[in-house]
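# Commentary on secondary and tertiary structure
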Amino acid sequence: MIVIEKMRSDEFSVYLRKLVENYAVENVKSGRWEEKSALEKSKREVDSLLTDGLNTENHELLNLKEKDTGKKIGCVWLHIFPGMEKKGFIYDFVIDEAFRGKGYGKESLKALE
């Protein structure tokens, strides 16, 4: 079973750095951006969405943990549409490599419902 917890500010700092780096890499791979400016563009785009960082209205930055062990297995960035019950958009969904292929992704998505 999965437990969902809000990210703490120290966890958010680590998450944000990895998010910006990964987003830049993916945009370079796709040919959308040039490598020399990718990190700057990535940071600008993420900052434009998370205008108040961890406290951005209608955005939830969450850790996914195993209930029995308390081990962090991944994280999710969710935008909740205002005024729409149970409607949102997943900006980022990561199951840590050591936990992949074990059903945690499906379990996590069910828990988010």
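Throughout this description, residue numbers start from 1 for each chain and increase along the sequence as written. Local features in this predicted model are restricted to residues whose pLDDT is 70 or higher, and side-chain atom pairs enter the listing and the counts only when it is 80 or higher, whereas totals over whole chains, interfaces and linings include all residues. Working from all heavy atoms in the structure, the side-chain values ignore hydrogens and water.

## Topic: the environment of Lys 18
What counts, and what does not: Numbered from the N terminus, helices here are DSSP runs of H or I no shorter than four residues, and strands are runs of E no shorter than two.
Note that Lys 18 resides in helix H1 (residues 9-29). Considering only alpha carbons, one finds Lys 18 and Val 46, 28 residues apart in sequence, at a separation of 12 Å.

## Description of the sheet that holds strand S2 (residues 59-66)
How we decide: One requirement defines pairing of two strands: DSSP has to find at least two bridges between them. Angles here are taken between N-to-C directions and fall from 0 to 180 degrees, while the axes themselves are lines fitted to C-alpha atoms, restricted in helices to the stretch in contact.
Across the sheet, which stays open at both edges, the four strands sit in the order S1-S2-S3-S4 with antiparallel pairing between neighbours. Edge positions in the sheet fall to strand S1 (2-6) and strand S4 (88-95), since each of these pairs with one other strand and no more. Here the strands of the sheet are splayed against their neighbours by 25 degrees on average, with no regard to which way each runs. In the sheet, strand S3 (residues 72-80) pairs with S4 via seven bridges, with the strands oriented antiparallel. Looking across to S4, one finds that Ile 80 is bridged to Gly 88.

## Quick notes on the pattern of salt bridges
Test applied: We count a salt bridge whenever a side-chain nitrogen from Lys or Arg sits within 4 Å of a carboxyl oxygen from Asp or Glu. For each residue, the accessible area found with a 1.4 Å probe, counting protein chains only, is set against the maximum for its type, and the residue is called buried under 20%, exposed over 50%, and partly exposed in between.
A full pass over the atoms with the stated rule returns 11 salt bridges. A salt bridge links Lys 6 to Glu 60; the shortest N-O distance between them is 3.3 Å. Of the two residues, Lys 6 is situated in strand S1 and Glu 60 in strand S2; the sequence distance between them amounts to 54 residues. Assessed through its relative accessible area of 59%, Lys 6 is described here as exposed. For Glu 60, a relative accessible area of 25% corresponds to the partly exposed category. Note that Asp 47 and Lys 43 form a salt bridge whose closest N and O atoms lie 2.8 Å from each other. Linking Asp 47 with Lys 43, this pair stays in helix H2 (residues 35-49), spanning four residues, or about one helical turn. It is possible to trace a salt-bridge network through shared partners that takes in Arg 8, Asp 10 and Glu 11.

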